[in-house]
Amino acid sequence: MAKQLGELVKKAGDYAGTAANTGIALATAGIEQLTTLAVYRCPCVTSKELGCNITQIGSPKCVHFLNLGYGLSFIIAPAIALFVFGMISNPKMWKLLTGCNHKQRRKKPTWTYFLWTLTEVSAAAMIAPVTWVAIALLDGRFYACAVTAFPYDVEHALATYPTCEAVAAAKTFYTSDSFNDNRSFSQFLGWVVISGCLIVGLFLFGYTQCSSPLTYYHAKYYRLYKGSEEAEFDDEMSKKAQIDAESNVRKFMEERREKKEWDRISTVYEFHR
Amino acid sequence: MAKQLGELVKKAGDYAGTAANTGIALATAGIEQLTTLAVYRCPCVTSKELGCNITQIGSPKCVHFLNLGYGLSFIIAPAIALFVFGMISNPKMWKLLTGCNHKQRRKKPTWTYFLWTLTEVSAAAMIAPVTWVAIALLDGRFYACAVTAFPYDVEHALATYPTCEAVAAAKTFYTSDSFNDNRSFSQFLGWVVISGCLIVGLFLFGYTQCSSPLTYYHAKYYRLYKGSEEAEFDDEMSKKAQIDAESNVRKFMEERREKKEWDRISTVYEFHR
Amino acid sequence: MAKQLGELVKKAGDYAGTAANTGIALATAGIEQLTTLAVYRCPCVTSKELGCNITQIGSPKCVHFLNLGYGLSFIIAPAIALFVFGMISNPKMWKLLTGCNHKQRRKKPTWTYFLWTLTEVSAAAMIAPVTWVAIALLDGRFYACAVTAFPYDVEHALATYPTCEAVAAAKTFYTSDSFNDNRSFSQFLGWVVISGCLIVGLFLFGYTQCSSPLTYYHAKYYRLYKGSEEAEFDDEMSKKAQIDAESNVRKFMEERREKKEWDRISTVYEFHR
């Protein structure tokens, strides 16, 4: 039984990449739903407001622009945020950049090499933002809010409800027909984005695999080796750092030190100054 | 008792392929129902809109196209997505492609060999998408929405409800007769797709089995051997990678290294550059 | 107590064939009821539509054909699907077919032998589909929908309900008299199918038993032996496959391999190419 569980875990390891991507996608979708529940409300437009003749102090000048900006910002801004997180959390990016101004061997990486790595890292970081955009389009309300001039069926609703806010609170019954059509169109766009990205991704991935100098099992061994090396290197570095630190500190503490020496160790030491 | 349970597990193992396929089909059906509940709503068309004379800002130009695209995208796009996932998760695909531009022996696989393997992999990856299409057709609403000009019985409904949205909310009573007929036709198509694919699949599978050079028990032994080899190879590779990594890392750490050497190990190493 | 339980399990084992068949039949009936609840709805026909003069875009041309196809597809298509599953899951089928194009001894099985086995396998695979057809006929709605021109009593109903759909929603009260007559006839057909198949099956089974060269206990011993042999063979094959795989993989991994060798083991190996 325990052996079969072990087998299962190892099997899952083979699909680690896929699993991680699926996890990212699901987490993105979950966050999206939560965000939407908590803060999303398409701005309410009355016929009076549409003429861009708002006189109240501090109110945005043209309301259609507000709707457009509001809807698009819910689609694009989180995608940008997710992209930045993806870039930051990729060690490849920082292996390339860290200290690249002072590298001696190869005297800075060549531009093609630099751009190639950047493309690779960007591609990996695009999974979460594309998922966000796709799910936002599938949900449809963001896009519909962005492109519809009159999101709520105000004419019928205002007869019943006193304020714009009350209409929005009862929005399941009073979104306008063109809003709903745009929402459907958005879902159509969402499916187009999903299937398009997957097909392009499949072909690109296939091509990069084709041009790899290694074959399937050789590449698998290389991946296994890289993982082991990374883990082992971390271990050895920790051990060595511990030993070096111990010996240095003991040496300082084992005899009586003068003020001059205490001063020296009390400065803020940084390499780049 | 434990022995009988073991027997049962082993028995289930014999039907692993069938079980996996059934699992894929059931998961597909489940996802479909969830997706539908969450986001599906056939666009509502009023007689005014059907003439493609929509003047409101941002509304898609011709509404019948919207219905068609909306309905078909719910049938086709997820099928494409499932197909891509099926292709990606098949190791055979990547055994064939990885490094195929640099293979030395056989100097790239021959085209017939390549196409044959691709066909095999595609056939295996078609199970989930075909299930999706079949279940979408059996559900019927996607197809009916795609081909029906007037999905809701607006004439009767608009007398009672103020907006298209309100009609859609009460849609169980007010989908039009032609929508319902198309839904029935879609279910008919669904059964045709299911039985057709199964019959064709049975004959193709039978033919490939017939032309196998191995007989039943010989093929079973070959399958068992291949499974054992794969598991054993994974084990040995992990062990070897661990040992190699340890010796290399120790060698690097055991003496004091210069900046040049630290630089060298901090680059992003890739074979294909 | 434990001994009596063991006796019971062994007793049940004697009736394994009957139990499996009963299980298949019950599962079929259950699936049928679920499917029907979820998606079945006989297309509604109004007198206006029956003249095949439907002018609305995308609607199927002749509605009586729709009724016929719809009703029959719910009876026949699932039966086909169940038949295919029955054929696929029978090892006898694949023992016969696998590699039959390359068999050396007997140089392909003789045609009478082939047809006889196919008949046997088909007969075993017919249990689930026949159950489905019988239960579908007993339910009656599929057959009645297929053969009745006017399934709903539209004349009476349209006075009360505005649309065909509303009639269908209240269909328990407004199915037409001819629909109900056809439903009764369908139930009659269902009983005929059930009793007919059971009688024919009893006589055929009796005849095959009569013409068996073995007697009752001899046949029972043969069944027991076959089961033991199958289990033992599986065990031994697994063990041998494990040992062979281990020795081969160890041999590959014990020395440093060149790219050419890694290439060779990374190809998709298939016998029939």
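A quick note: this is a predicted structure, and the numbers were derived from the prediction, not measured.

### Description of the overall build of chain A
When helices and strands are tallied, chain A shows 14 helices and zero strands. Listing every helix and strand of chain A by position from the N terminus yields α-α-α-α-α-α-α-α-α-α-α-α-α-α. Looking at chain A residue by residue over its 273 residues, the buried ones come to 35%. Pairs at least 24 residues apart make up 73% of the contacts formed inside chain A by residues separated by at least 6 positions. Just so you have it, chain A exposes about 17,200 Å², and 67% of that area is on carbon and sulfur atoms.

### Focus: helix α7 (residues 127–139) of chain A
Counting along an α-helix, one turn takes 3.6 residues, and residues three or four places apart therefore face a common direction. Residue and element names in this part refer to chain A. Between its first and last C-alpha atoms α7 spans 18 Å; for 13 residues at 1.5 Å apiece the expected length is 18 Å, and the two agree. Along α7, the residues classified as buried are A128, P129, T131, W132, A134, A136, L137, L138 and D139. Positioned one or two residues after α7, G140 has a phi angle of 90 degrees, which is positive.

### Considering the confidence of the model for chain A
Residues and elements named next belong to chain A. In this model, chain A carries an average pLDDT of 76, and 69% of its residues clear a pLDDT of 70 or more. Per-residue pLDDT, averaged within each element of chain A, yields its smallest value for helix α3 (residues 47–50) (47) and its largest for helix α13 (residues 216–253) (90). Every residue in residues 49–60 scores below 50 in pLDDT, and together they form 16 contacts with partners more than four places removed in sequence or on other chains.

### Description of the packing of helix α6 (residues 111–125) of chain A against α7(A)
Between two packed helices, what matters for the description is the angle formed by their axes and the separation of those axes. All names here are of chain A. Interhelical geometry of α6 versus α7 gives an angle of 40 degrees and a closest axis separation of 5 Å. In terms of their interaxial angle, α6 and α7 are classed as oblique. Across from A123, A124 and A125 in α6, the residues of α7 making contact are I127, A128 and P129. Class assignment of the residues belonging to the contact of α6 with α7 gives a composition of six nonpolar, no polar and no charged.

### Quick look at the packing of helix α13 (residues 216–253) of chain B against helix α13 (residues 216–253) of chain C
Two elements in contact, α13(B) and α13(C), have axes separated by 7 Å at closest approach and are oriented at 40 degrees. It follows that α13(B) is oblique to α13(C) by the angle criterion. For the pair α13(B) and α13(C), the sense of crossing is right-handed. Here the residues of the contact of α13(B) with α13(C) are counted per class, giving 13 nonpolar, four polar and 11 charged.

### Describing the interface of chain C and chain A
On the chain A side, the residues contacting the five residues of chain C number six residues. Contact with chain A buries surface across chain C, with C:K259, C:W262 and C:S266 losing the most and accounting together for 76% of the total. Summed over the shared surface of chain C and chain A, the result is one residue pair in polar contact (both at pLDDT 80 or more). Here the side of chain C that touches chain A is built from residues that sort into two nonpolar, one polar and two charged.

### Some points on a nonpolar patch on the surface
Residue and element names in this part refer to chain A. Taken together, L68, L72, I76, I80, V84, I88 and W94 make up a surface patch of nonpolar side chains, about 600 Å² in accessible area. Locating V84 in the fold gives a position in helix α4 (residues 63–88). Residue class for V84 comes out partly exposed when judged on its relative accessible area of 39%.

### Here's the deal with the packing of aromatic side chains
Across all of its chains, the model carries 29 aromatic pairs over all chains by this definition. Here A:F205 and B:W94 contribute two aromatic rings whose centre-to-centre distance is 4.9 Å and whose plane-to-plane angle is 75 degrees, an arrangement assigned as edge-to-face. In this pair, A:F205 is assigned in helix α12 (residues 177–210) and B:W94 in helix α5 (residues 91–97), connecting two distinct chains. Judged by relative accessible area, which is 38%, A:F205 ranks as partly exposed. Through successive ring pairs, a cluster of aromatic residues spans A:Y216, A:Y217, A:Y221, B:F233, C:F252 and C:W262.

### Some points on the environment of B:N90
Residue and element names in this part refer to chain B. For N90, the position within the fold is in the loop between α4 (63–88) and α5. Residues N90 and A125, 35 residues apart in the sequence, show an inter-C-alpha distance of 8.2 Å. Those residues in contact with N90 that sit more than four places away from it in its chain are V121 and A124. A distance of 3.1 Å separates a polar atom in the side chain of N90 from the backbone nitrogen of K92.

### Digging into the side chain of B:S73
Here B:S73 lies in helix α4. The exposure class assigned to B:S73 is buried, which follows from its relative accessible area of 7%. With sequence-adjacent residues up to four places away left out, B:S73 is seen in contact with A:F188, A:W191 and B:P78.

### Comments concerning the pattern of salt bridges
Enumeration according to the criterion identifies 24 salt bridges over all chains in this entry. In this structure, B:E236 engages B:K239 in a salt bridge whose closest nitrogen and oxygen atoms are separated by 3.8 Å. Here B:K239 and B:E236 lie together in helix α13, a separation of three residues that amounts to about one turn. Residue class for B:E236 comes out buried when judged on its relative accessible area of 11%. A relative accessible area of 47% places B:K239 in the partly exposed class. Within the structure, one salt-bridge network assembled from shared partners comprises A:E232, A:E236, A:K239 and B:R250.

Here is what the cut-offs are and how they apply
Residues numbered from 1 in each chain as written. Chains lettered and ligands numbered in written order. Predicted model: local features only at pLDDT ≥ 70, side-chain atom pairs only at ≥ 80, totals over all residues. Heavy atoms only, no water. Helix = DSSP H or I, 4+ residues; strand = E, 2+ residues; numbered from the N terminus. Buried < 20%, exposed > 50% of the residue type's maximum accessible area, 1.4 Å probe, protein only. Contact = heavy atoms within 4.5 Å. Areas by Shrake-Rupley, 256 points an atom, 1.4 Å probe, with all protein chains shown as cover. Expected span 1.5 Å × (residues − 1). pLDDT = per-residue confidence, 0-100. Axes fitted to C-alpha atoms, helices over the stretch in contact; angles between N-to-C directions. Parallel < 35°, antiparallel > 145°, perpendicular 65-115°, else oblique. Nonpolar A, V, L, I, M, F, W, Y, C, P; charged D, E, K, R; others polar. Left-handed = near helix turned anticlockwise from the far one by under 90°. Buried area = accessible area lost by both parts, 1.4 Å probe. Polar contact = N/O pair within 3.5 Å; in protein donor to acceptor, adjacent residues only side chain to side chain. Patch = residues over 30% accessible without salt bridge, like charges linked within 9 Å, V, L, I, M, F, W, Y side chains within 5 Å. Salt bridge = Lys/Arg side-chain N within 4 Å of Asp/Glu carboxyl O. Phe/Tyr/Trp six-rings, centres within 6.5 Å; stacked < 30°, edge-to-face > 60°.

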